[in-house]
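Per-entry structural report
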Amino acid sequence: MIRPRTEQSGHAVAIASFGEGVLCLVAMPDPDHPLDSHRPETEPDHASDGADRAAESNTAESSSNEPVVAELSPQESPKSRRPAAENPQAQVTIPGPVLTEAHLRSPLKRRVRLPVILFVITCFSTFWAGVTGWQPLSFGGLDFRQLIIRNWDEGLTYMVCVLAILLTHEMGHFIATLLYRIPASLPFFIPLPLIAPIGTMGAVIGMEGQRANRRQIFDIGIAGPLAGLVVAIPILWIGISQLEFTRPAYGAFLYDCPLIVRWMIGWIQPEHADVTTIGTSQLNAYFMAGWVGLLITGLNMMPVSQLDGGHVIYSLFLKRAHTIARTFVYLAMAYIVFGDAWIWSVMLILVVLMGTDHPPTADDRVPLGRPRFVLGCLSLAIPLLCFPLKGLIPVGF
């Protein structure tokens, strides 16, 4: 921004600033000022040293069209003036952060149409998953219309609950980016119609993470999982209280219970505290939405790459997080192979393709502080508590 200001001396003082960079004061002749516009071309010789003054006048006129650096000591005579490089009083410079390419980049327009389309498709895919009893390819002998009339309430309940969990999770990230003025997209939901019984694989947002410092990337990364759990746990509590363990377990899959689900079953229905899996026929909309919420949260908090857990682990340990992430990937490979958990192989391949190492932040020197460090260390237990190690166990009909 350049803002001119006219002084009585007949020069316009321009104040030039570039973002948070260098601020300079520059004096330029003002043709509209009476002292400049009516300046005589020659000055009369009234003293014995007229020749010297005339020479100085001609020199000043020859340079009148060039901007000069404003001086701080106007009492100095022209003969005592020195070049700016030699005279420390020749200009005023206020140091500041270096102007980078990121400051000059225009903010990208946030896309709206695609996120809305994906959200609508995810609404239909989750609704259909609930209507079919989380067996999207099985109609139970009913046609499409009869199935919806019979189970529309189950489908609607599941759709609302699971989207509430996912939307709250992503809004935790999005609001954090707004607070720190980090450019970010709207949430992109991932629908899985007819492919997976849960109807969705969560949602993601895109952001310019390289503009966030260490503390900001920590807050952005951890805000989503914590916000999602605040909604998922009450929904899961309702679902566990409505589980009908007396009904025979049948269907396409058994759903492995993560640790936190097993503990909650022991608290709510202690007579079934030894249950480790739930059959498809025993599910209800609230339990299934809560189970999906824990699955998505546990996956996102894995300490690798650009996942939420990757942001947190890098903020805690910086470059040492790369060793932790690579070790985790090797352990995950071993578990998939020797634990017969091939259901997670596609997810592991996607993580490897993204890269295991988290990139540096805009400023890794920013301290986290003790409260954030303690919270980050505690959050590393989220995958252990929320992630179902065996996932879906095929058992046939």
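Residue indices follow the written sequence of each chain, beginning from 1 at its first position. Selection of residues for local features in this predicted model requires a pLDDT of at least 70, selection of side-chain atom pairs for listing and counting requires 80 or more, and totals for whole chains, interfaces and linings are taken over all residues. Only hydrogens and water are set aside when side-chain values are computed; all heavy atoms of the structure are taken into account.

**A word on the pairing of strand β7 (residues 253–256)**
- At least two bridges found by DSSP between two strands are what make those strands a pair. A helix here means a DSSP run of H or I that spans at least four residues, while a strand means a run of E at least two residues long, and both kinds are numbered starting from the N terminus. In the sheet, β7 pairs with strand β9 (residues 392–394) via three bridges, with the strands oriented antiparallel. By the bridge assignment for β9, phenylalanine 253 is matched with proline 394.
- One ladder, built from three bridges, connects β7 with strand β8 (residues 277–279); its direction is antiparallel. When the bridges of β8 are listed, tyrosine 255 appears paired with isoleucine 278.

**Here we look at the sheet that holds β7**
- Taken together, the three strands give an open sheet; going across it, the order is β8-β7-β9, and neighbouring strands pair in antiparallel fashion. Each edge of the open sheet is held by one strand with a lone partner, namely β8 and β9. Between one strand and the next, the sheet's axes are offset by a mean angle of 30 degrees, whatever the strand orientation. Working convention: axes come from line fits to C-alpha atoms, limited for helices to the stretch in contact. Angles between N-to-C directions cover 0 to 180 degrees.

**Notes on the packing of aromatic side chains**
- Within 6.5 Å between ring centres, the rings of Phe, Tyr and Trp (the latter by its six-membered ring) count as paired, and their orientation is classed by plane angle as stacked under 30 degrees, edge-to-face over 60, tilted in between. Summed over the entire model, instances satisfying the criterion amount to six aromatic pairs.
- When the centroid spacing of 5.2 Å and the interplanar angle of 70 degrees are considered together, the rings of phenylalanine 119 and phenylalanine 189 count as edge-to-face. You can see phenylalanine 119 sitting in helix α4 (residues 113–131) and its partner phenylalanine 189 sitting in strand β5 (residues 188–191), a full 70 residues away along the chain.
- Between phenylalanine 317 and phenylalanine 373, the ring centres sit 6.3 Å apart and the planes meet at 80 degrees, which makes this aromatic pair edge-to-face. Of this pair, phenylalanine 317 sits in helix α9 (residues 308–317) while phenylalanine 373 sits in helix α12 (residues 370–379), and the two are 56 residues apart along the sequence.
- By relative accessible area, which is 21% here, phenylalanine 317 ends up partly exposed. When a residue's accessible area, from a 1.4 Å probe over protein chains only, is under 20% of the maximum for its type it is buried; when over 50% it is exposed; and in between it is partly exposed.

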